[in-house]
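Descriptive structure summary
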Amino acid sequence: MADDYSYDYEYLFKIVLIGDSGVGKSNLLSRFTRNEFNLDSRSTIGVEFATRTIEIDGKRVKAQIWDTAGQERYRAITSAYYRGAVGALVVYDISKSESYESVSRWLKELKENADANIVMELVGNKSDLDHLRAVPTDEAKNFASENQLLFTEASALNAENVDLSFHQLLKSIYEMVSKHQLDVSDYSGPKPSGGPTISLTPAPVDKKASSNSGCC
Amino acid sequence: MPQKKYMEVPSDEPRGRNISSYFRTLSIKSKSSDEVGLNHVVPAPGTPVSRLQTLKNSPESHRHVGADSDDDWNANVDSFDSPPPKHIEHIPRRSGSVHSLGPGLVMSQANTSGPLRRTPQLEASPQLEALYPSLTPARESPGMRASPGRDPAPDDLATSAQIEELNALNAKFLRFKKVITADNVNLAELKRLSWNGIPRELRAVSWQLLLGYLPTNASRRSDALARKRAEYTDGVAQVLGADHTRDTAMWHQIAIDVPRTTQHIKLYTYAATQAALQRILYLWAVRHPASGYVQGINDLCTPFFQTFLASHAPDVELCDPALLPRATMDAVEADTFWCLTKLLDTIQDNYIHEQPGILRQVRELEGLVARIDAELVVHLRAQGVEFMQFAFRWMNCLLMRELNLEMVVRMWDTYLSETPLGFATFHVYVCAAFLVKFADELKDMEFQEVIMFLQNPPTRDWGVKNMELMMSEAFIWQSLYKNAAAHLRA
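The following refers to the structure shown. (Residues numbered from 1 in each chain as written. Chains lettered and ligands numbered in written order. Predicted model: local features only at pLDDT ≥ 70, side-chain atom pairs only at ≥ 80, totals over all residues. Heavy atoms only, no water.)

1. Here we look at the pairing of strand S2 (residues 47-56) of chain A
Most of S2(A) sits out of view: 8 of its 10 residues are buried. The antiparallel hairpin formed by S2(A) and strand S3 (residues 59-68) of chain A contains 2 residues in its connecting segment, where A:Asp57 sits at a positive phi of about 50 degrees. (Buried < 20%, exposed > 50% of the residue type's maximum accessible area, 1.4 Å probe, protein only. Helix = DSSP H or I, 4+ residues; strand = E, 2+ residues; numbered from the N terminus. Pairing = 2+ DSSP bridges.)

See below:
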């Protein structure tokens, strides 16, 4: 956690965690950022926040993650946090088919409220509950590839694939951003309006501004 | 006969009877104020004493606050779990046999919370700020109240301190009892007393009176309760019956949240508790379609449920409701439903589409804090911190995620004594007092630290005194700013 408070990072990516109530979003976050799992965790009200800095291609990348309440009623509040997010983890519970069926609704939410180039990953949580599985891996995998989503199954409970799912999302964002960076430097004319909205935020100069929105 | 009627309300049985008989058998002669060297402030019971007045004094004189019989109410108390003693016939004066009292005796008084009198004269802001260093009052040890000029044995001091406490407890309890057992309860008087904390044994009945659930007229109570309880039972039977189409999404959402409600307290892990909460929340949700069930309302159920259940189960936190008589549990469940309904009536806008009530409260909070501590608001803005990011939850769950249940229950004594009820308006002032408490730390933090700090504020060690100080501060901010709407819009 020490790194969280330092300026020792080169990229700051704002990520949102979304998905139905009870699928384990908060525990995925606590597993990733603090390596903790809480069996008694209470429902998330509004949004909660945590960060972790990891290394990708020798660069320090800080993930600023907003964990959102799953209940419909909070959508008006939580969707405000989609703005400026460069990545989204859309979480379902592999033992609850309704939570998987909601995924398209969550993708629609993202389309309506988030930046167009947001990188999305579908995460089937609670893979430890394989004996209660209601969503076949292949089905979710196919759905993910049809919709250009990254995909993993993970377990916040036993930590399996949790780091992997976040890493893969952050790496994908990183690749996109570094590519975009090159594109922009090649481009000498006026900045096109409606251009790519994904941005990197160099630290520490813009830190304060970026902390607010996670992005320009 | 009013007394008989009163006995029908849950809080008086069986625990209430125990405690009141305990008070009747307990007979202690108090030392005179001169004897204990406290002659400068010994108000008659019920005399308002300004907490601010005492706080402005030196720490030394602060200790003598103990002279206010009310302030002794819960001094020396660290735990509130011990049951009251069954019977005490005699406490030897100066015998030094403090232990004959048993720790449970002293502890049992704590639940009744000490009084923070509303201060009649308002202080100016700078003086208030001077209060902040003393926000965490040191716990007084019995010896602190030693009378100067004498050098009695420590045991003797402890005994006399405990005697004082018992008498203060007794006096406060009797004042409440007198108001509550009147043929016609004087609500204004009950509010005045309750604002400063309600004795645990009388809390259930006091809350129900303050909420207007229990009629002030004693002769109407048993009929009214019987009717409301039957109405609840019928309501549940109807919405869970075959003729009613189950709102599965709502039911499901509640079913997800109930098993993760207050799980650190054993009571809430039992199936019987969870089934009761599920029914209460579902019936409320069905009857309030504009909002339906919203996460966080489950938290708001628990202070009622636990307080009402405590009248029947001395060790309420460990109680398995399945072991209690069915009729008792039905009554607790119904009373919880109706009182929750009364509370939510005052904050319905918090839970309807787009939650406008919360947006308004958060805006008001920001405006208010800008008046109280402009520097803090400037700092938060400079860091890009928006009030919505941390205060949304404060409003949605009435600070129940930030404070332990015991603190919340004490807070509700005050909220329920406010007119109108404090959950919509007074709460914003409490949130301001809460935030400002951490102002110094926050001003040294950057965005991320601020958010993380406020997501998990360091309130674990808070006691009732911290809570009461916060209530007093909120009261002052409210008095200063309530009708100055322009301040809050700024």
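2. Thoughts on the sheet that holds strand S5 (residues 119-125) of chain A
All names here are of chain A. As summarised here, the arrangement of the 6 strands in space is S2-S3-S1-S4-S5-S6, forming an open sheet in which the pairing is mixed. Either end of the sheet is taken by a strand with one partner, and the two such strands are S2 and strand S6 (150-153). The mean angle between the axes of side-by-side strands here comes to 25 degrees, regardless of whether they run parallel or antiparallel. Sheet strands touched by helix H4 (residues 103-113): strand S1 (11-19), strand S4 (87-93) and S5. Its angle to S4, the strand with the most contacts, is close to 160 degrees. (Axes fitted to C-alpha atoms, helices over the stretch in contact; angles between N-to-C directions. Contact = heavy atoms within 4.5 Å.)

3. What about the packing of aromatic side chains?
Applying the stated criterion to the full structure yields 30 aromatic pairs over all chains. Residues A:Tyr100 and A:Phe143 carry aromatic rings whose centres are separated by 6.1 Å and whose planes lie at 70 degrees to one another, so their mutual orientation is edge-to-face. Of this pair, A:Tyr100 sits in helix H3 (residues 97-101) while A:Phe143 sits in helix H5 (residues 137-146), and the two are 43 residues apart along the sequence. Overall, the relative accessible area of 11% leaves A:Tyr100 in the buried class. Relative to B:Phe434, the ring of B:Trp394 has its centre 5.1 Å away and its plane inclined at 80 degrees; by these criteria the two rings are edge-to-face. Of this pair, B:Trp394 sits in helix H17 (residues 387-396) while B:Phe434 is found in helix H19 (residues 426-437), placing the two residues 40 residues apart along the sequence. Judged on exposure class, the residue B:Trp394 and its partner B:Phe434 are both buried. (Phe/Tyr/Trp six-rings, centres within 6.5 Å; stacked < 30°, edge-to-face > 60°.)

4. A look at the interface of chain B and chain A
With 37 residues of chain B in contact, the opposing surface of chain A contributes 33 residues. Both sides of the chain B and chain A interface together cover about 3000 Å² of buried area, and 50% of this is carbon and sulfur. When residues of chain B are sorted by the area they lose upon contact with chain A, B:Arg260, B:Arg401 and B:Gln448 head the list and together hold 21% of the total. In this structure, B:Arg393 engages A:Glu48 in a salt bridge whose closest nitrogen and oxygen atoms are separated by 2.9 Å. One can count 15 residue pairs in polar contact (both at pLDDT 80 or more) joining chain B with chain A. Among the secondary structure elements, those contributing two or more residues to the side of chain B that touches chain A are helix H11 (248-257), H17 and helix H21 (447-455) of chain B. Examining the composition of the side of chain B that touches chain A, we find that 6 residues originate from one element, H21(B), more than from any other. (Buried area = accessible area lost by both parts, 1.4 Å probe. Salt bridge = Lys/Arg side-chain N within 4 Å of Asp/Glu carboxyl O. Polar contact = N/O pair within 3.5 Å; in protein donor to acceptor, adjacent residues only side chain to side chain.)

5. Concerning helix H18 (residues 405-415) of chain B
All names here are of chain B. Buried residues dominate H18, accounting for 10 of its 11 residues. Taken together, the buried positions of H18 are occupied by Leu-405, Met-407, Val-408, Val-409, Arg-410, Met-411, Trp-412, Asp-413, Thr-414 and Tyr-415. Tucked into the core, H18 has its buried residues touching helix H8 (187-194), helix H9 (200-210), helix H13 (297-310), helix H14 (326-345), H19 and helix H22 (464-481). Capping the start of H18, Asn-404 holds a side-chain oxygen 3.1 Å from the backbone nitrogen of Glu-406, two or three residues further along.

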